[in-house]
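# Inside the fold
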2 protein chains.
Amino acid sequence: EGPGATAAEIEGLPFGEITLTGQRWALDDVRLLSPMLPSKVVCVGRNYADHAAEQDAEVPSEPLLFLKPSTSVAGPGDSVVLPDVSDEVEHEAELAIVIGFPGARKVSREAAPASIYGYTCANDVTARDLQRKDGQWARAKGFDSFGPIGPWIETEFDPADAEVRCEVNGEVRQLGSTKDMVFDPAQIVSYVSHVMTLLPGDVIMTGTPAGIGPLESGDSVSVSVAGIGTLTNKVIASE
Amino acid sequence: EGPGATAAEIEGLPFGEITLTGQRWALDDVRLLSPMLPSKVVCVGRNYADHAAEQDAEVPSEPLLFLKPSTSVAGPGDSVVLPDVSDEVEHEAELAIVIGFPGARKVSREAAPASIYGYTCANDVTARDLQRKDGQWARAKGFDSFGPIGPWIETEFDPADAEVRCEVNGEVRQLGSTKDMVFDPAQIVSYVSHVMTLLPGDVIMTGTPAGIGPLESGDSVSVSVAGIGTLTNKVIASE
């Protein structure tokens, strides 16, 4: 990241040995896509006590799971599109887990880290009014473009104590640390894998710290996880 | 269906013109797979008033959406595996919509039927105790094997008034008609497509009529939709 940074081109899927084509590009000259096209996006609700409190909710005794459709995934620089049926779209900055090859099914907490390919930043964009109205969160969190991930997958990341930050137009809105997660990534991967088989490239969003707030058309929203990078998206009104 | 029925082999995906290989097999001699591997399974809750009433729930003013992961999909004859963390797994017989090529995004109710490739039977298997406990339904309805679909896709089906039936070990448990749906397939496809882009092969389960009830290890559960066929699965305990 930063001035003069370059991107190296790889061939095929990034699992296992990465094959470099030898081609490098200035990062400013390329448009990065979503670093993964997951078959599913599993999310963990209320995984930071301070966020549960701001939602007047209890911290759950087990990870609270919900799903975002794969069609909600967007990449760095893509637009978050505000649907015209909501007046209250909000950001949720999160650390995201990317599952590696060959996936995970009923793995123990101890074995779970071996199922993790790496980590990226995610924004679990949520139409708060529809979330309250529906009760089920699939619609409120499932609109196209409501799941930006990126800017890349960091394979050497330690999730024990990393700052998670959200800025809107340069103003800090959320500032937390992964050390305050109720359930850590190994616990989450183990738990989810006992419910549903995790396939290579599947993404798990690990919950958001306190400070969720509104997104308006024209905003620039950034999610940063220290040690990974910054995922920036602009916010636009529905066409 | 029935004695002497045969299956014709096709090549590639079934969208558009179907290519027959010329090979036919006796239906008894082949194992049918799930007729589609959807990128997502969208479900509509409380879409029959009698089922909403048995759940002490109101009929929603808009379709109530939730998601099942693609890993929950099973085919005809596959086992429904009871997870050891639930004591209350139940059947939900449903008509399922299969989206055709090229998918659907923000289609009107009038244009929606053109987005439908065909229909099949589905069982929205649900761990009722976990559904109550979690509030969000992703876990309770998301276990591997909790989304049987099949036995095939009927492309000439009229969803206006078709019997939906569930039998467990030959005993009728659910008996309803698609005419009692709160929202019909065209309304559902239009509504979902305004939230999330529907891709070819995506499946929408349209809700269940009254009569949901328990599944036990050793049971044989069948979902029949008149005009489509019968989807039968055996129920087994977790290994």
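None of the values given here were measured: they were computed from a predicted structure. (Residues numbered from 1 in each chain as written. Chains lettered and ligands numbered in written order. Predicted model: local features only at pLDDT ≥ 70, side-chain atom pairs only at ≥ 80, totals over all residues. Heavy atoms only, no water.)

Another aspect to go through is the relation of the copies chain B and chain A. Mapping chain B onto chain A calls for a rotation angle of 180° and an axial translation of 0.0 Å; the resulting RMSD is 0.0 Å. Such a combination of rotation and displacement between the chain copies is what one expects of a two-fold axis. Judged by C-alpha distance, Gln136(B) is the residue of chain B that lies nearest the rotation axis, at 2.9 Å. Looking at the interface residues of chain B, 100% of them are also at the interface in chain A, so both copies use one shared face. (Least-squares fit on C-alpha atoms with pLDDT ≥ 70 in both. Contact = heavy atoms within 4.5 Å.)

Counted under the stated rule, the structure contains 34 salt bridges over all chains. Residue Asp134(A) pairs with Arg139(A) through a salt bridge whose shortest N-O separation is 2.9 Å. For Glu62(B), the salt bridge is made with Arg139(A), and the minimal N-O distance between the two is 3.2 Å. One end of the pair, Glu62(B), is in the loop between helix H1 (49-54) and strand S4 (64-68); the other, Arg139(A), is in the loop between helix H2 (128-134) and strand S11 (147-154), on a second chain. Classification of Arg139(A) as buried rests on a relative accessible area of 3%. (Salt bridge = Lys/Arg side-chain N within 4 Å of Asp/Glu carboxyl O. Helix = DSSP H or I, 4+ residues; strand = E, 2+ residues; numbered from the N terminus. Buried < 20%, exposed > 50% of the residue type's maximum accessible area, 1.4 Å probe, protein only.)

A few words now on the domain arrangement of chain A. All names here are of chain A. Each assigned domain of chain A is listed with its residue range as follows: domain 1 (1-30) and domain 2 (32-237). Here the C-alpha centroids of domain 1 and domain 2 sit 24 Å apart. Facing the seven residues of domain 1 at the interface are twelve residues of domain 2. Summed over both sides, the interface between domain 1 and domain 2 buries roughly 680 Å², with carbon and sulfur atoms accounting for 74% of that surface. Linking domain 1 to domain 2 there are zero salt bridges. At the junction of domain 1 and domain 2, the tally comes to zero residue pairs in polar contact (both at pLDDT 80 or more). (Domains from an automatic or database assignment. Buried area = accessible area lost by both parts, 1.4 Å probe. Polar contact = N/O pair within 3.5 Å; in protein donor to acceptor, adjacent residues only side chain to side chain.)

It is worth spelling out helix H3 (residues 185-193) of chain B at this point. Residue and element names in this part refer to chain B. The element H3 is largely enclosed, with a buried count of eight among its nine residues. Listed in full, the buried residues belonging to H3 are Pro-185, Ala-186, Ile-188, Val-189, Ser-190, Tyr-191, Val-192 and Ser-193. Considering only its buried residues, H3 is in contact with strand S3 (41-45), S4, strand S8 (93-99), strand S9 (116-123) and strand S14 (203-205).

Right, let's talk about the interface of chain B and chain A for a bit. On the chain A side, the residues contacting the 32 residues of chain B number 32 residues. A combined buried area of about 2,600 Å² lies between chain B and chain A, and 50% of that area is made up of carbon and sulfur atoms. For chain B, the biggest contributors to the area lost against chain A are Gln136(B), Arg139(B) and Val195(B); these three give 23% of the whole. Taken together, the connections running from chain B to chain A amount to six salt bridges. Here chain B and chain A share 18 residue pairs in polar contact (both at pLDDT 80 or more) between them. Looking at the side of chain B that touches chain A, the elements that each hand over two or more residues are S4 and helix H2 (128-134) of chain B. Residue contributions to the side of chain B that touches chain A peak at five residues, all from S4(B).

The subject of this paragraph is the sheet that holds strand S12 (residues 163-168) of chain A. Residue and element names in this part refer to chain A. The strand order across the open sheet built from five strands is S6-S17-S16-S12-S13, with neighbouring strands paired in mixed fashion. Both outer strands of the open sheet, strand S6 (79-82) and strand S13 (171-177), are each paired with one neighbouring strand and no more. Taking each pair of neighbouring strands and ignoring which way they run, the sheet shows an average axis angle of 20°. One ladder, built from four bridges, connects S6 with strand S17 (residues 229-237); its direction is parallel. (Pairing = 2+ DSSP bridges. Axes fitted to C-alpha atoms, helices over the stretch in contact; angles between N-to-C directions.)

Note the cis peptide between Phe101(A) and Pro102(A), where omega equals 5°. Position of Pro102(A) among the secondary structure elements: in the loop between strand S8 (93-99) and strand S9 (116-123). Phi at Asn169(B) takes a positive value of approximately 50°, unusual for a residue other than glycine. Tracing the sequence through the fold places Asn169(B) in the loop between strand S12 (163-168) and strand S13 (171-177).

The subject of this paragraph is the sheet that holds strand S5 (residues 73-74) of chain B. Backbone-to-backbone hydrogen bonds join strands into a sheet, with any given pair of strands oriented parallel or antiparallel. Residue and element names in this part refer to chain B. Across the sheet, seven strands lie side by side as S4-S3-S14-S8-S9-S11-S5; this open sheet has mixed pairing. In the strand order of this sheet, the two ends are held by S4 and S5, each with one partner. Where S9 and strand S11 (residues 147-154) come together, three bridges link them in antiparallel fashion. Bridge assignment links Tyr-119 to a residue of S11, and that residue is Glu-154. Sheet strands touched by H3: S3, S4, S8, S9 and S14. Its angle to S8, the strand with the most contacts, is close to 60°.

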